[in-house]
Amino acid sequence: MNQDRRDRLRDAAIGVLAEAGGRGLTHRAVDAAAAVPTGTAKNYFATRDALLRAVAERCLEQYRALAAALAGDGPGPGDAQELAALLAGLLRDVAGPGRARVLAYLELQTEATRRPWLAELLDPIAASDFAAHAHLLHAAGLPAGPEQARTLTLALHGALPHLLAGAPDTLAAAGLDDLDAFTRGLLAAVRSQGTR
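Now for a look at the structure at hand. (Residues numbered from 1 in each chain as written. Predicted model: local features only at pLDDT ≥ 70, side-chain atom pairs only at ≥ 80, totals over all residues. Heavy atoms only, no water.)

**Considerations on the overall build of the protein**
Next up, step 1: Each helix and strand in the protein was counted, giving 10 helices and zero strands.
Next up, step 2: Taking 2.2 N^0.38 as the reference for a compact globule, 196 residues should give roughly 16 Å; the C-alpha atoms of the protein span a radius of gyration of 18 Å, in line with that estimate.
Next up, step 3: Principal-axis analysis of the C-alpha atoms gives the protein an extent of 60 × 35 × 30 Å.
Next up, step 4: Taking all 196 residues of the protein together, the buried fraction comes to 41%.
Next up, step 5: When contacts within the protein are restricted to residue pairs at least 6 apart in sequence, those whose partners lie at least 24 apart make up 66%. (Helix = DSSP H or I, 4+ residues; strand = E, 2+ residues; numbered from the N terminus. Rg over C-alpha atoms; globule rule 2.2 N^0.38 Å. Buried < 20%, exposed > 50% of the residue type's maximum accessible area, 1.4 Å probe, protein only. Contact = heavy atoms within 4.5 Å.)

**Considerations on helix 5 (residues 80-95)**
Next up, step 1: Taking 1.5 Å of rise per residue, the 16 residues of helix 5 would be expected to cover 22 Å, and the 23 Å separating its terminal C-alpha atoms lies within 8% of that figure.
Next up, step 2: Regarding helix 5, its N-cap is Asp79, as a side-chain oxygen of that residue lies 3.1 Å from the backbone nitrogen of Gln81 further along. (Expected span 1.5 Å × (residues − 1). Polar contact = N/O pair within 3.5 Å; in protein donor to acceptor, adjacent residues only side chain to side chain.)

**Overview of the side chain of His27**
Next up, step 1: Position of His27 among the secondary structure elements: in helix 2 (residues 27-34).
Next up, step 2: In this structure His27 touches Ala41, Lys42, Phe45, Ala46, Thr47, Arg48 and Leu51, once residues within four positions along its chain are discounted.

**Side note on unusual backbone geometry**
Next up, step 1: In the Ramachandran plot, Ala35 falls in the positive-phi region, its phi being about 55° despite a non-glycine side chain.
Next up, step 2: On the secondary structure map, Ala35 appears in the loop between helix 2 and helix 3 (40-44).
Next up, step 3: Classification of Ala35 by relative accessible area gives exposed; the value is 62%.

**Concerning the packing of helix 1 (residues 3-24) against helix 2**
Next up, step 1: Where helix 1 meets helix 2, the axes come as close as 8 Å, and the angle between the chain directions of the two elements is 125°. Classified by the angle their axes make, helix 1 and helix 2 are oblique. Of the two elements, helix 1 crosses helix 2, and the hand of that crossing is right-handed. Here Arg8, Leu9, Ala12, Ala13, Val16 and Gly24 of helix 1 come into contact with helix 2, specifically with Ala29, Val30, Asp31, Ala33 and Ala34.
Next up, step 2: Partitioning the contact of helix 1 with helix 2 into residue classes produces eight nonpolar, one polar and two charged. (Axes fitted to C-alpha atoms, helices over the stretch in contact; angles between N-to-C directions. Parallel < 35°, antiparallel > 145°, perpendicular 65-115°, else oblique. Left-handed = near helix turned anticlockwise from the far one by under 90°. Nonpolar A, V, L, I, M, F, W, Y, C, P; charged D, E, K, R; others polar.)

**Some details on the packing of aromatic side chains**
Each aromatic ring pair is described using two quantities: the centre-to-centre distance and the angle formed by the ring planes.
Next up, step 1: This structure, assessed with the given rule, holds one aromatic pair.
Next up, step 2: Taken together, a centroid distance of 6.3 Å and an interplanar angle of 45° make the contact between Tyr44 and Phe45 tilted.
Next up, step 3: On the accessibility criterion, Phe45 (3% relative accessible area) is buried. (Phe/Tyr/Trp six-rings, centres within 6.5 Å; stacked < 30°, edge-to-face > 60°.)

**Here's the deal with the pattern of salt bridges**
Next up, step 1: With the rule as written, the count across this model stands at 11 salt bridges.
Next up, step 2: With a closest N to O distance of 2.7 Å, Asp7 and Arg10 form a salt bridge. Of this pair, Asp7 and Arg10 both sit in helix 1, three residues apart, which is roughly one turn of that helix.
Next up, step 3: Connected through salt bridges with shared partners, the residues Asp7, Arg10, Asp11, Arg58 and Glu61 form a single ionic network. (Salt bridge = Lys/Arg side-chain N within 4 Å of Asp/Glu carboxyl O.)

What follows is the structure in structure tokens.
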């Protein structure tokens, strides 16, 4: 199996899912988006479920690569300011280059409500954010217990649909029109949880 072509098909499937939603994700649409002969996606991913699995796996790979690139090679952010910058970078990616990946991931979560196997596949992806955010909080010298990790993770996850929709009044009301200020404020709220 040609790994480059497989990745090209998976990336095309992310684009199709992001643009056309779950109902638009077909082998033929992926073939067209990848500019490959008809039937190519079916050769790599025999069923629609296999195609959904491939998209989920590719979304996870891309998310982990982005997080690693933003975190750098070191032990993690050294303080709250560095962590706020890292989180703001992740959120900027949602509204920019990572938009298709995040839209596709949210579409996968919707599909998972009807496909238990997909919910099981996605569960470790979202669940790992709680541990990852606890690690980042700890590295930055902030309170990093379960409550703080939940607050940070759920706030970031809750921001995603608003960033994707881009409605200016909602972004302003949520404080998402200034991502640096948003992440600094979020970390201040997390810090205050540790002093109660």
